[in-house]
Amino acid sequence: MRLVITGGAGFVGSSLAVRLREALGAEVVCLDNLKRRGSELSLPRLKRHGITFVHGDVRLWDDLAALPPADVLLECSAEPSVLAGNQGQGRYLVDTNLVGAVNCCEWARQAGAAVVFLSTSRVYPYDRLRQAPLITGETRLLWQGPNLPGAGPEGVSEDFPLPGRRSLYGASKLAAELLLVEYADMYGFPYVINRCGVITGPWQFGKTDQGVFMYWLLQHYLRSPLQYIGYGGAGKQVRDLLHVDDLAELLARQITRLDVARHKTYNVGGGATNSLSLLEATDLCRSLTGHTVPIAPVPEERWADIPWYVSDCNRVEADLGWQPQRTVPQTFTEMFDWIREYREQLLSSLR
Ligand SMILES: NC(=O)c1ccc[n+]([C@@H]2O[C@H](COP(=O)([O-])OP(=O)(O)OC[C@H]3O[C@@H](n4cnc5c(N)ncnc54)[C@H](O)[C@@H]3O)[C@@H](O)[C@H]2O)c1
């Protein structure tokens, strides 16, 4: 079996490459344009694991056309920041996330490959998610009140209504999903769409607007100041967190059970048991690093932000018997070990 992974030097793409090569014994080819700072540090890791790296850009058809044929294409390339549009990166974001994804569909059609698409919980509209009935608990916001259509204390399901504003990032990913479905229907190749909540783990190059838990831990390690942004500046906003190795185990099942997973859209995340607030993350970071850093409250929300997101993974669990195995403290501990081991490379990527 051969896998092609676009965005294959990024955090998710490179981690999936390593794990799926081990789990499936597959030949793996990773394509990436190294736009994300830190992605270049994955190249020696890919090489060590016998994975072929190709420098290329999903926006450019010729770069994809030069790839060898494969059984499965994992589309992991993206400008993955919700705030990228605000920072003047809107055109790049749409060209990569949408035009690039369409190029991947066309490539899959010609190669006769299945497509596994890494989508995002950000396809769900933020103004609707903000209607969650939340109360303020001691360390986090808690869902207390009636369910919304497609959402409740157990999380947000695939039935959550889609009309509304979702950011350029969310819209580009949803548009790519729609085109993938149509492409696959018209040309008859299998696809699976995974709408992921926060994914984290070793090898993530977290920054303020993407990879928040790694960023939080790194800032503690480096004794650098932080901010609790929005929701009164108390740090009680909640996300679920999925270790990238748990994601890899799910994708291995999807690839080997395409008869079950084909043409499905799944919400994928750590779920309610693996959710936490920033305040709770601070506690974990303090006890791991032994450092306490100043955290300034910034009461006003950031544009398109949401106070609470947890993935309801019932559908994927029912279909594939998958559940995340790694707990939040385990995941943070692994991340901390990785930060210490790769300290110098990490610091050089931040300079
Ligand atoms: N990390 C998360 O929490 C999370 C959550 C939900 C969904 N996702 C999705 O998972 C996928 C991977 O995200 P990630 O966290 O690994 O991000 P990442 O930024 O680490 O990886 C993306 C990779 O794509 C590459 N890339 C960007 N533009 C490209 C282009 N035009 N051509 C080729 N390569 C290009 C970057 O250099 C980078 O290596 C994305 O599709 C993202 O939307 C991630």
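Scroll up to find the structure.
Predicted, not measured: the structure shown is a model, and the values here were computed from it.

S.K.: Summarise the overall build of the protein; cite the residues concerned and give the values.
M.R.: For the protein, the helix and strand inventory stands at 13 helices and 17 strands. Counting only C-alpha atoms, the protein reaches 55 × 45 × 40 Å along its principal axes. Considering the protein as a whole, with its 351 residues, one finds that 57% of them fall into the buried category. Counted over contacts in the protein with a minimum sequence separation of 6, partners at least 24 positions apart contribute 82%. Positive and negative side-chain charges in the protein, numbering 35 and 38 respectively, have mean positions lying 4 Å apart.

S.K.: Could you give an account of unusual backbone geometry, with specific residues and numbers?
M.R.: In this structure, tyrosine 231 is a non-glycine residue whose phi angle is positive, near 55 degrees. Along the chain, the position of tyrosine 231 falls in the loop between strand E12 (226–229) and strand E13 (238–243). If you check the backbone angles, alanine 304 has positive phi at about 70 degrees while not being a glycine. Looking at where alanine 304 falls in the secondary structure, it is placed in the loop between strand E16 (295–298) and strand E17 (308–309).

S.K.: Explain the site of the ligand to me, using residue names and the numbers behind them.
M.R.: Of all residues adjacent to the ligand, which total 32 residues, the nearest are Asp32, Ser39, Tyr92, Tyr169 and Lys173. One of the backbone nitrogen or oxygen atoms of valine 12 is found 2.8 Å away from an oxygen atom of the ligand. Between the ligand and threonine 96 there is a distance of 3.1 Å, counted from a nitrogen atom to a side-chain nitrogen or oxygen. With the chains in place, 97% of the 820 Å² that the ligand exposes on its own is no longer accessible. When residues of the shell around the ligand are traced back to their parent elements, those giving at least two are helix H1 (11–24), helix H4 (90–111), strand E5 (114–120), helix H6 (167–187) and strand E11 (198–200). With three residues, E5 is the largest single contributor of residues to the shell around the ligand. Along the lines of polarity and charge, the residues of the shell around the ligand split into 14 nonpolar, twelve polar and six charged.

S.K.: Now, about the environment of isoleucine 339: what can you tell me, with residues and values included?
M.R.: Among the secondary structure elements, isoleucine 339 is positioned in helix H12 (residues 328–341). Placed 225 residues apart in sequence, isoleucine 339 and alanine 114 show a C-alpha to C-alpha distance of 35 Å. The residues touching isoleucine 339, leaving out its near neighbours within four places in the chain, are Met214, Leu217, Leu218, Tyr221 and Leu346.

S.K.: Talk me through the sheet that holds strand E2 (residues 27–32); I want residue IDs and the actual numbers.
M.R.: One open sheet accounts for seven strands, arranged E3-E2-E1-E4-E5-E10-E14; its pairing is parallel. In the strand order of this sheet, the two ends are held by strand E3 (52–55) and strand E14 (264–268), each with one partner. Taking each pair of neighbouring strands and ignoring which way they run, the sheet shows an average axis angle of 20 degrees. Pairing of strand E4 (residues 72–75) with E5, which is carried by four bridges, proceeds in the parallel orientation. In the sheet register, leucine 73 faces E5, and the bridge partner there is valine 115.

S.K.: Which residues make up the packing of H1 against helix H8 (residues 244–256), and what values go with them?
M.R.: At a minimum axis distance of 9 Å, the contact between H1 and H8 shows a crossing angle of 55 degrees. Considered as vectors, H1 and H8 are oriented oblique to each other. Where H1 crosses over H8, the two elements pack in a sense that is right-handed. Between H1, through Phe11, Val12, Ser15, Leu16, Arg19, Leu20, Ala23 and Leu24, and H8, the contact on the second element is made entirely by Val244, Asp245, Leu247, Ala248, Leu251, Ala252, Ile255 and Thr256. Split into classes, the residues belonging to the contact of H1 with H8 amount to twelve nonpolar, two polar and two charged.

S.K.: Residues and numbers for the nonpolar core, please.
M.R.: Formed by 64 residues in total, the largest nonpolar core has its most connected members in Leu16, Leu74, Leu118, Leu247, Leu251 and Phe332. Not counting residues up to four positions away in its chain, the partners in contact with leucine 16 are Ile5, Arg21, Leu74, Cys76, Leu118, Leu247, Ala248 and Leu251. With 24 residues, the next largest nonpolar core counts Leu31, Cys104, Ala108 and Tyr183 among its residues.

S.K.: Go over the layout of surface pockets with me, naming the residues and quoting the values.
M.R.: One number sums up the size of the second largest pocket: a volume of about 260 Å³. Every residue lining the second largest pocket is counted, 15 residues in all, and those nearest its centre are Gly271, Ala272, Thr273, Cys313 and Glu317. Considered class by class, the residues forming the lining of the second largest pocket number four nonpolar, eight polar and three charged.

S.K.: Account for empty space enclosed by the protein, with residues named and values stated.
M.R.: If a probe as big as a water molecule is rolled over the atoms, it shows which places are left empty. The final tally for this structure, using the stated rule, is one cavity of 30 Å³ or more. Taken as a whole, the largest cavity spans an internal volume of roughly 50 Å³. Contributing to the lining of the largest cavity are Glu75, Ala101, Cys104, Cys105, Val115, Phe117, Ala176, Glu177 and Leu180.

S.K.: An account of the side chain of arginine 326 is needed here, citing residue identities and associated values.
M.R.: Counting through the fold element by element, arginine 326 comes out in the loop between helix H11 (314–320) and H12. In terms of polar contacts, arginine 326 uses its side chain to reach the side chain of aspartate 246, at 2.7 Å. For arginine 326, the side chain forms a polar contact with the side chain of glutamate 249, separated by 3.1 Å. Setting aside residues up to four positions removed in sequence, arginine 326 forms contacts with His243, Asp245, Asp246, Glu249, Asn274 and Thr331.

S.K.: Kindly report on the pairing of E14, identifying the contributing residues and their values.
M.R.: Most of E14 sits inside the fold, with four of its five residues counted as buried. Here strand E10 (residues 191–196) runs beside E14; their pairing, made up of five bridges, is parallel. Bridge assignment links valine 192 to a residue of E14, and that residue is lysine 264.

Cut-off values and rules
- Residues numbered from 1 in each chain as written.
- Predicted model: local features only at pLDDT ≥ 70, side-chain atom pairs only at ≥ 80, totals over all residues.
- Heavy atoms only, no water.
- Helix = DSSP H or I, 4+ residues; strand = E, 2+ residues; numbered from the N terminus.
- Buried < 20%, exposed > 50% of the residue type's maximum accessible area, 1.4 Å probe, protein only.
- Contact = heavy atoms within 4.5 Å.
- Lys, Arg positive; Asp, Glu negative; His and termini not counted.
- Charge placed at Lys NZ, Arg CZ, Asp CG, Glu CD.
- Near = heavy atom within 4 Å.
- Polar contact = N/O pair within 3.5 Å; in protein donor to acceptor, adjacent residues only side chain to side chain.
- Areas by Shrake-Rupley, 256 points an atom, 1.4 Å probe, with all protein chains shown as cover.
- Nonpolar A, V, L, I, M, F, W, Y, C, P; charged D, E, K, R; others polar.
- Pairing = 2+ DSSP bridges.
- Axes fitted to C-alpha atoms, helices over the stretch in contact; angles between N-to-C directions.
- Parallel < 35°, antiparallel > 145°, perpendicular 65-115°, else oblique.
- Left-handed = near helix turned anticlockwise from the far one by under 90°.
- Core = buried A, V, L, I, M, F, W, Y, C linked by side-chain atoms within 4.5 Å.
- 1 Å grid on protein atoms, 1.4 Å probe; cavity = no way out; pocket = protein on both sides within 12 Å on 5 of 7 lines; lining within 4 Å.
- Points joined across faces, edges and corners; volume = space filled by probe spheres on them.

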